[in-house]
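# Structural characterization, general
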Amino acid sequence: MSGFRKEDPGPRDEGALEGHAAQAQKGAPQAELHSTDIPLELVRNASSRDHARPTGTAALGVGARSLLPPSPGDASEAASGLRTIAVVSRIQSPAGDSKVVSAAGGGAAGSALTGEYGPVRSLFQTQTVSLCQSCFGYPVSIFFIVINEFCERFSYYGMRAILILYFQSFLRWNDNLSTAIYHTFVALCYLTPILGALIADSWLGKFKTIVSLSIVYTIGQVVVAVSSINDLMDFNHDGNPDNISVHVALSMVGLALIALGTGGIKPCVSAFGGDQFEKGQEKQRNRFFSIFYLAINAGSLLSTIITPMLRVQECGIHSKKACYPLAFGVPAALMAVSLIVFVIGSGMYKKVQPQGNVMAKVARCVGFAIKNRVRHRSKKFPKREHWLDWANEKYDEQLISQIKMVTRVMFLYIPLPMFWALFDQQGSRWTLQATTMNGKIGIIEIQPDQMQTVNAILIIILVPIMDAVVYPLIAKCGFNFTSLKKMTVGMFLASMAFVAAAIVQVEIEKTLPVFPKGNEVQIKVLNIGNDSMNIYFPGTTVTLDQMSQTSEFMTFSADKLTSINISSTGSLLTPVTDFEQGHRHTLLVWAPNNYQVVKDGLNQKPENGKNGIRFVNTLADSFNVTMNEEINETVTSHNASEYHFFSSGRMSFTINSSEIAQHCGNEFKTSYLEFGSAYTYVITRKDDGCLEPTAFRDISPNTVSMALQIPQYFLLTCGEVVFSVTGLEFSYSQAPSNMKSVLQAGWLLTVAVGNFIVLIVAGAGSFSEQWAEYVLFAALLLVVSIIFAIMARFYTYVSPAEIEAQFDTDEKKKYLEESNPYPKLDSVLQTQL
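Residues numbered from 1 in each chain as written. Predicted model: local features only at pLDDT ≥ 70, side-chain atom pairs only at ≥ 80, totals over all residues. Heavy atoms only, no water.

### A few points about the side chain of serine 648
Mapped onto the elements, serine 648 comes out in the loop between strand S23 (644-646) and strand S24 (652-656). When its relative accessible area of 14% is taken as the criterion, serine 648 is described as buried. Of note is the side chain of serine 648, whose polar atom sits 2.2 Å from the side chain of glutamate 445. Once residues lying within four places of it in the same chain are set aside, the contact partners of serine 648 are Glu445, Gln447, Asn611, Tyr672, Leu673, Glu674 and Phe675. (Helix = DSSP H or I, 4+ residues; strand = E, 2+ residues; numbered from the N terminus. Buried < 20%, exposed > 50% of the residue type's maximum accessible area, 1.4 Å probe, protein only. Polar contact = N/O pair within 3.5 Å; in protein donor to acceptor, adjacent residues only side chain to side chain. Contact = heavy atoms within 4.5 Å.)

### Quick look at the state of the cysteines
What the rule picks out here adds up to two disulfides. Note on cysteine connectivity: cysteine 315 is disulfide-linked to cysteine 323, with sulfurs 2.1 Å apart. Judged by the sign of its S-S torsion, about 105 degrees, the cystine formed by cysteine 315 and cysteine 323 is right-handed. Judged by relative accessible area, which is 23%, cysteine 315 ranks as partly exposed. Through a disulfide, cysteine 664 is tied to cysteine 690; the S-S separation comes to 1.7 Å. Classification of the bridge connecting cysteine 664 and cysteine 690 rests on its S-S torsion, roughly -75 degrees, and on that basis the disulfide is left-handed. (Disulfide = S-S within 2.5 Å.)

### Side note on the sheet that holds strand S21 (residues 631-635)
Strand order across the open sheet formed by four strands is S21-S20-S24-S25, with antiparallel pairing between neighbours. Edge strands, defined here as strands with exactly one partner in the open sheet, are S21 and strand S25 (667-669). Here the strands of the sheet are splayed against their neighbours by 25 degrees on average, with no regard to which way each runs. Two elements, strand S20 (residues 623-627) and S21, share five bridges in a ladder whose sense is antiparallel. Its bridge partner lying in S21, valine 625 is registered against glutamate 633. (Pairing = 2+ DSSP bridges. Axes fitted to C-alpha atoms, helices over the stretch in contact; angles between N-to-C directions.)

### Considerations on a positive patch on the surface
On the surface, a cluster of positive charge is contributed by Arg364, Lys371, Arg375 and Lys394. Its location among the elements puts lysine 371 in helix H11 (residues 358-375). (Patch = residues over 30% accessible without salt bridge, like charges linked within 9 Å, V, L, I, M, F, W, Y side chains within 5 Å. Areas by Shrake-Rupley, 256 points an atom, 1.4 Å probe, with all protein chains shown as cover. Salt bridge = Lys/Arg side-chain N within 4 Å of Asp/Glu carboxyl O. Lys, Arg positive; Asp, Glu negative; His and termini not counted. Charge placed at Lys NZ, Arg CZ, Asp CG, Glu CD.)

### A look at the nonpolar core
Note that soluble globular proteins tend to have their nonpolar side chains buried in a common cluster. In this structure, Tyr156, Leu163, Phe185, Tyr190, Phe328 and Trp747 are the most contacted members of the largest nonpolar core, which totals 134 residues. Ignoring anything within four residues of it in the chain, the contact list for phenylalanine 328 reads Met159, Ile162, Leu163, Tyr166, Val224, Ala225 and Ser228. By size, the runner-up hydrophobic cluster in this structure holds 22 residues, among which are Ile613, Phe615, Met627 and Phe646. (Core = buried A, V, L, I, M, F, W, Y, C linked by side-chain atoms within 4.5 Å.)

### Examining the confidence of the model for the chain
Residues of the chain with pLDDT of at least 70 account for 79%, and the chain-wide mean is 77. This stretch, residues 1-132, has a pLDDT under 50; its non-local contacts, to residues over four places away or in other chains, come to 169 contacts. (pLDDT = per-residue confidence, 0-100.)

### Description of the pattern of salt bridges
Taken as a whole and assessed by the stated rule, the structure comprises 14 salt bridges. Between glutamate 149 and arginine 153 there is a salt bridge whose closest N-O contact spans 3.9 Å. Residue glutamate 149 and its partner arginine 153 are both found in helix H4 (residues 141-161); the two are separated by four residues, about one turn of the helix. For the pair glutamate 149 and arginine 153, a shared accessibility class is recorded, and that class is buried. Here arginine 614 makes a salt bridge to aspartate 698, at a shortest N to O gap of 3.7 Å. Taken as a pair, arginine 614 in strand S19 (residues 611-617) and aspartate 698 in strand S27 (residues 691-699) lie far apart in primary sequence, 84 residues in all. There is no split in this pair, since arginine 614 and aspartate 698 are both buried. The network of salt bridges with common partners includes Lys524, Asp600, Arg614 and Asp698.

### Things to note about the environment of serine 652
Summarising the element assignment, serine 652 is placed in strand S24. For serine 652, a relative accessible area of 30% gives the class partly exposed. Spatially, the C-alpha atoms of serine 652 and asparagine 628 are 6.0 Å apart, while their sequence positions differ by 24 residues. Not counting residues up to four positions away in its chain, the partners in contact with serine 652 are Thr626, Met627, Asn628, Phe668 and Lys669.

### Let's talk about the packing of helix H6 (residues 175-191) against helix H8 (residues 244-275)
Here H6 crosses H8 at 35 degrees, and the two axes come no closer than 7 Å. Between H6 and H8, the residues in contact are Ile181, Phe185, Leu188, Cys189 and Tyr190 and Met252, Leu255, Ile258, Ala259, Thr262, Gly263 and Lys266, respectively. Looking at the contact of H6 with H8, its residues break down into nine nonpolar, two polar and one charged. (Nonpolar A, V, L, I, M, F, W, Y, C, P; charged D, E, K, R; others polar.)

### Points about the packing of aromatic side chains
Two measures describe an aromatic ring pair: the distance that separates the ring centres and the angle between the ring planes. On inspection of all chains with the given rule, the structure shows 42 aromatic pairs. Both rings, one in phenylalanine 498 and one in tyrosine 774, keep their centres 5.7 Å apart while their planes meet at 80 degrees; by these two values the pair is edge-to-face. Of this pair, phenylalanine 498 sits in helix H16 (residues 483-511) while tyrosine 774 sits in helix H19 (residues 770-793), placing them 276 residues apart in sequence. Exposure remark for phenylalanine 498: the relative accessible area of 0% places this residue in the buried category. Here the aromatic cluster, defined as three or more aromatic residues joined through ring pairs, consists of Tyr166, Phe167, Phe170, Trp173, Tyr324 and Phe328. (Phe/Tyr/Trp six-rings, centres within 6.5 Å; stacked < 30°, edge-to-face > 60°.)

### With respect to the environment of tyrosine 413
Mapped onto the fold, tyrosine 413 is located in helix H12 (residues 397-413). For the pair formed by tyrosine 413 and glycine 727, sequence separation is 314 residues and the distance between their alpha carbons is 9.8 Å. Setting aside residues no more than four positions away along its own chain, tyrosine 413 makes contact with Ser731, Leu743, Gly746, Trp747 and Thr750. Polar side-chain contacts of tyrosine 413 include one of 2.4 Å to the side chain of serine 731.

### Thoughts on unusual backbone geometry
Residues other than glycine seldom take positive phi values, yet methionine 547 does so here, at roughly 50 degrees. Assignment of secondary structure puts methionine 547 in the loop between strand S12 (540-544) and strand S13 (548-549). A positive phi angle, near 55 degrees, is found at histidine 638, a position not held by glycine. Locating histidine 638 in the fold gives a position in the loop between S21 and strand S22 (639-640).

### Thoughts on the pairing of S20
By the criterion of burial, S20 is predominantly enclosed, with four of the five residues buried. Pairing between S20 and S24: four bridges, direction antiparallel. Bridging from a neighbouring strand, valine 625 pairs with isoleucine 655 of S24.

### As for the sheet that holds S12
Judged by pairing direction, the sheet is antiparallel, and its four strands sit side by side in the order S12-S11-S15-S16 without closing on themselves. Pairing within the sheet leaves two strands with one partner each, and these edge strands are S12 and strand S16 (574-576). The average angle at which neighbouring strand axes cross in this sheet is 25 degrees, direction not considered. Pairing geometry for strand S15 (residues 564-567) and S16, over three bridges, is antiparallel. Bridging across to S16, asparagine 565 finds its partner in proline 575.

### Structural notes on the environment of serine 551
Considering the arrangement of structural elements, one finds serine 551 in the loop between S13 and strand S14 (554-557). Judged by relative accessible area, serine 551 falls into the exposed class, the value being 78%. Counting along the chain gives 27 residues from serine 551 to lysine 524, while the straight-line C-alpha distance between them is 8.1 Å.

This is how it looks when you write it as structure tokens:
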């Protein structure tokens, strides 16, 4: 930016200029070069005077053209953003006489000095304001930034896609704790941008901040991958960590580092990309933000497809488990690639130097304005146009004007967190909703955490459609579809998405099994004997034939259930009373006086869409069962194993028992497992000595297709396109040049607040029905969108660059008037002369 800032040393006067020239004329061992920050007008004056003085030692007339506005012939150089300052000095010849040499005026030649004695190398440092090589009208540097963003987003979304399932299945946390930790992590990822913006704007600059925090980010991803290694603390090799707290601690440390890294670079990367464009490239810059967002969602799409596929693989040294180390390790590797690619492009970037602690300046200015206003609250003091104008006594008008721009945009940000409160539930509530649905869509079978790919796919489709078709069509219709109007429409669409989610949830809950409440007991009877059995429940009697079970779990109030009686023909009644409140039980019976009460341990549908399998032993001796190399359990006679959980598909299992005849096989396969079911396999011995497994269904598989989530994803993605893409561009376009990262951080802060809203609403509501929570979120966002529309109606768009340019022009004129040694004579004196 042209002009002089108050914190700069300021321009030197003509005396200083000629002093430098005189110093350059003095002897030096070989060569001596001097340059100074000189205003353009001062150079023009000096060059004209030097032409009039043939003996002048500054000789600024030589090559000074490169400091003047470019002629038509210089258009290509000016367009490239390359501007060099030609400097003239003298070099001592071997004979001792001095010769005038000058820098070649621009281009690659500007790196050498030429004179009578040939080129002089390493004596002149070309000052480059910006070097933005062009490719299809775009700076080449942005391609490195886009690739970097693609890899980083692959890393982040790949890790985040499986995070809540990692909490549930590996760390063994329940739904509520998993959701709380998940949204706390996401909130931290969007709180740390404030720190990143402060570091970038006040200390390291955007480039060094991105590099430094990317290293932290990569370390965090590696730590999370290490924390998911099951064998790390499995000293007895039983497939379960002996000290889960170590895994929890490593996970939290890794997530904290990731939150610092990903959050710290968020406000810098998009703003750094915007910095690569020159004035007059607003169209390319706006298109860059769309390409940038496409890169984000391309990375998100691929990662949310690939990492769940890696998760369902089995790996391990001593025991085979879900392969979380690989699923987290691939995102860690992509983060390392992201860092390497970004560093490779270092020489091509336009790097704007940090301009001081902007946030501290803003805070001091705002504080002084408030204090000054309170001090002058009496009516005898005239009112001022804006409350920040009360800082005029201490701070310059340009800073105050910039802060006004920031505060006006920040005021509009107040309602925005509600949008993100709904949007980020894709990775928590909507993923958990998918675990209660059937992932079989035609010939495709997807995992619950892969449903998030619908969002990324739709983004890639809808962004170019919006840019190339929808927005131009709206413009041709004469409708002024401003950025804030787009954002309002986006909020409304997100609200409708949660209405659709609530409708789907109602359909799901119609198919869910009923589980016992705290004062209830549920019982199912399974006859594994050779005779029919009579079961006497309170108020009803059921007769079970050999190898059969009651059709469903029967629910009883614990205080009214005294006992259940069993008998067979001609036998006495045997009362059974060993039932625990709030749990499901399976009563295994094989004779009137022989029974076993088994507490199922399932008070909800199997997590993550998996299927529960357990085995019942009807043999006289114990047997050992091995299934997919994941379980190896010994089941005692007339007893049941624990439930073990598997993904969809056909599973194989092996039974080892001394009661198996030699000619019989001991390997078996399950029926095809779908999503969310539970089965009991009863192992019996046939007359020929071979074993026979019989399957009994305990929980029916999910019947509502995951395809029903597509409409809610479509509505939410449409809302995201017109809200988030527009918001990024709006934040950049309305930000002063020295506060772009700060305003980007403010935009990202709204995401953090939105995730805290999820914690507050979900925690305070304590809804017994999930659909009711969805309806509440939809209603809240609908109200907020109306409020935002009213606020946007009164917002006036500004051009920060034009405002700042006007301040620069005014300040330059003021400087020239103060530094002119020949003040302008007034009209009366001119007449007298």
